[in-house]
Amino acid sequence: MANVNITMDGKALSVPAGSTILDAAQANGIHIPTLCFLKELDPRASCRMCVVEVEGARTFQHACASKVREGMVVRTDTEAVRASRKLTLELLLSNHAVDCHHCLRIGSSKCEDLDPKFCEMCFFCDCVKDGFCDLQALAREYKVDVLPFAQKHNTYPVDATTAIVRNPNKCIKCRRCVDICGKVQTVHNLAASGRGCEVTIGPAFGKAMCESDCIGCGRCVEFCPTGAIYAREHKDELVYCAHKDGMTTAAAVSMDLIPELERVLKLKAGSVTLFEIAGALKKIGVDTVYDMHEAEDAAKAQAEALLGEKLKSGKSVILTNSFAAKAFLENNFPEKKDSFLFYDSPIAVFGKAAGADKRFAFGAVGNDASECEKTGCVDIAVNPRELSRIMIRTGSEPNPKRTAVFASLGLPGASGKFGRLLDKAMWSFDAEPETFDLDGRKCVICHNLGQARRVLEGNEAFDVIRVVA
Ligand code: SF4
Ligand code: SF4
Ligand code: SF4
Ligand code: FES
């Protein structure tokens, strides 16, 4: 595609025609804040955080939705732009149950500068997203230290009927969750209802999450920029169980949690090892610690055995070890049930094999908490943010001098005979489906549920369809 020449903050840039101002800024290391924007989806342009000045335009432009033009002159960080963004934040916060605003430093530093220990030990803050919240980070960046407008926040009940908890009082109506659930996962469980200030985002007809069509994939949790949707936490219960006399505890830890753990603890990328996490869990009081990799390999071995048998029938196979994908397939494609092949997830494998009164799974997967609640595969699923808080509270941060070795579940490993078909595959909202040939069989791996729907409803025939949720 041809390039166009623009000027951004005084810099001459050559950027692909058809890019947005935000694309051009991001490609050239210029920071423009966003809240509602989700890469790869059509911009909603609803939050106004990304406004910029464009020479000749009578009003501010949304960088996420405005395309570049030849000769365009853009200013992303003028006093007027900053004042507009700050006003947007003040208005958002005037209609928001701000539980983190007691922090005297909220206006005096950027979120990245705060010591996570301070946030965890602070008794004034009562928000699960404190320290990890995009709205809070922007309030700090724009020094929103007083809220100038009358506080008119709503007092809707918190919906804690499932492991995915909704607190509408912290919702900024960015609709990221609506798009992830509807456009990407094609579950369409979340929608906006009401008008003006009364708009709420939630399941249709005001249903509670437990009565709704939610399959528990957890992707809305991952993309909500505030504490309006989050996975229920159990850190107090975990620490209690780990310390309780006479109660045996076991944990499995996945490598996947390390990057996020390092980020939230503000440690150098690549500096934390799984052995240090095992050491920390031992210090907290967990009796036996396993490497989740062993459970992943055993899950793969289980899939190899089941798939080998199923393929003998000559029918096509729709394969998954995600409880959320299982629910999606059963709800939407019951006519294909003879092709379904469900096998255990790693946390289910660990939960079945570990002999202990309480079993904890530590991972980064957004839907572990739902799987734990819906299937009872383990007692508590812990995400990296929760783990960081547990570590801070108990003085057990990763330490190279405090490591532990992993116990073995004693399970058989996989042979690898189905190659990449059964390799670890991650959920993604923009990765293309992977199609490949395996010993003359046409295979595809779908990286989200919308992709799976398109493949299952499409005309192209596959011998094996693997679904990641
Ligand atoms: S959602 Fe964010 S801004 Fe709102 S109270 Fe929680 S941490 Fe603060
Ligand atoms: S967990 Fe998944 S299905 Fe449920 S509301 Fe969130 S995105 Fe939709
Ligand atoms: S629940 Fe979260 S993601 Fe959904 S609209 Fe509200 S703030 Fe945005
Ligand atoms: S990020 Fe552009 S309007 Fe929200």
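The numbers attached to residues start from 1 for each chain and follow its sequence in the written order. To label them, take the chains in the order written and letter them from A, then take the ligands in the order written and number them from 1. Local features in this predicted model are restricted to residues of pLDDT 70 or higher, and side-chain atom pairs are both shown and tallied only at a pLDDT of 80 or more, whereas totals for entire chains, interfaces and linings draw on every residue. Values reported for side chains reflect all heavy atoms of the structure, with hydrogen atoms and water molecules removed beforehand.

### Regarding a nonpolar patch on the surface
Convention followed: Patch definition: residues above 30% relative accessible area lacking any salt bridge, with like charges linked at up to 9 Å and the nonpolar side chains Val, Leu, Ile, Met, Phe, Trp and Tyr linked at up to 5 Å. Method for areas: the Shrake-Rupley scheme with a 1.4 Å probe, in which residue coverage is limited to the protein chains shown. A pairing counts as a salt bridge when a side-chain nitrogen of Lys or Arg comes within 4 Å of a carboxyl oxygen of Asp or Glu. Comment: elements are numbered from the N terminus, with helices defined as DSSP H or I runs of at least four residues and strands as E runs of at least two. Note on exposure labels: buried denotes an accessible area under 20% of the residue type's maximum, exposed denotes more than 50%, and partly exposed covers the range between, all computed with a 1.4 Å probe on protein chains only.
A cluster of nonpolar side chains, L87, L91 and F149, forms an exposed patch at the surface whose accessible area comes to about 250 Å². Relative to the helices and strands, L87 resides in helix α2 (residues 79–94). Given a relative accessible area of 40%, L87 falls into the partly exposed group.

### Digging into the confidence of the model for the protein
Fine structural detail should not be taken from predicted coordinates in areas where pLDDT scores are low. Stated formally: Confidence of the predictor at the level of single residues is captured by pLDDT, which takes values from 0 to 100. Only heavy atoms matter for contacts: two residues are in contact if any of them lie within 4.5 Å across the pair.
Model confidence for the protein is summarised by a mean pLDDT of 90, while 94% of its residues fall at 70 or above. At the low end of the mean pLDDT range in the protein sits helix α3 (residues 116–121), at 60; at the high end sits strand β3 (residues 51–54), at 98. Every residue in residues 106–110 scores below 50 in pLDDT, and together they form 14 contacts with partners more than four places removed in sequence or on other chains.

### Examining unusual backbone geometry
Unlike most non-glycine residues, R48 shows phi in positive territory, near 70°. Here R48 is to be found in the loop between α1 (21–27) and β3. Residue class for R48 comes out partly exposed when judged on its relative accessible area of 35%. Despite not being glycine, K266 has its phi angle at roughly 60°, a positive value. Turning to its location among the elements, K266 is positioned in the loop between α8 (258–264) and α9 (274–284). Since its relative accessible area comes to 41%, K266 is described here as partly exposed.

### Remarks on the sheet that holds strand β1 (residues 3–8)
For the record, the criterion: DSSP-based pairing: two strands are paired if at least 2 bridges between them are found.
Pairing in this open sheet of five strands is mixed, and the strands run β2-β1-β5-β3-β4 from one edge to the other. Two strands close off the open sheet at either side, each with one partner strand: β2 (11–16) and β4 (61–62). Here β3 pairs with strand β5 (residues 73–75) via two bridges, running antiparallel. Bridging from a neighbouring strand, E53 pairs with R75 of β5.

### Focus on the nonpolar core
Note on soluble globular proteins: their nonpolar side chains tend to be buried together. Quick note on the threshold: Joining through side-chain atoms within 4.5 Å is the link that ties buried Ala, Val, Leu, Ile, Met, Phe, Trp, Tyr and Cys residues into a set, and such a set is a nonpolar core. Segment limits for the domains were obtained from an automatic or database-derived domain assignment.
I229, L449 and I465 are the most contacted members of the largest nonpolar core, which has 38 residues in total. Broken down by secondary-structure element, the contributors of at least two residues to this core are α5 (176–184), α6 (219–223), β9 (229–231), α11 (323–332), β17 (441–446), α15 (449–457) and β18 (464–467). The element that contributes the greatest number of residues to this core is α11, accounting for five residues. Each of domain 2 (156–231) and domain 3 (316–342 + 413–467) accounts for three or more of the residues forming this core. Residues contacting I229, with those up to four places away along its chain left out, are I164, V165, R166, C177, L190, C220, V221 and C224. With 28 residues, the next largest nonpolar core counts C241, A251, L257 and F362 among its residues.

### With respect to the sheet that holds β17
Definition in use: Angles shown run from 0 to 180 degrees and are taken between the N-to-C directions of axes, each axis being a line fitted to C-alpha atoms and, for helices, limited to the stretch in contact.
Taken together, five strands build an open sheet; the order of strands is β13-β12-β18-β17-β16 and the sheet is mixed. Edge positions in the sheet fall to β13 (340–342) and β16 (434–438), since each of these pairs with one other strand and no more. Along the sheet, successive strands turn relative to each other by an average axial angle of 20°, direction set aside. Relative to β17, β16 runs antiparallel, the two sharing five bridges.

### Focus: the pattern of salt bridges
Going through the model one piece at a time under the given rule, you end up with 22 salt bridges. In this structure, D179 and R44 form a salt bridge, with 2.6 Å as the shortest nitrogen-oxygen distance. Remark: R44 occurs in the loop between α1 and β3 and D179 occurs in helix α5; sequence separation between them is 135 residues. When its relative accessible area of 4% is taken as the criterion, D179 is described as buried.

### A look at α2
Note the threshold: To estimate the expected span of a helix, count its residues, drop one, and scale the result by 1.5 Å.
The first and last C-alpha atoms of α2 sit 22 Å apart over 16 residues, in line with the 22 Å expected at 1.5 Å per residue. The set of residues buried in α2 consists of V81, S84, R85, T88, L89, E90, L93 and S94.

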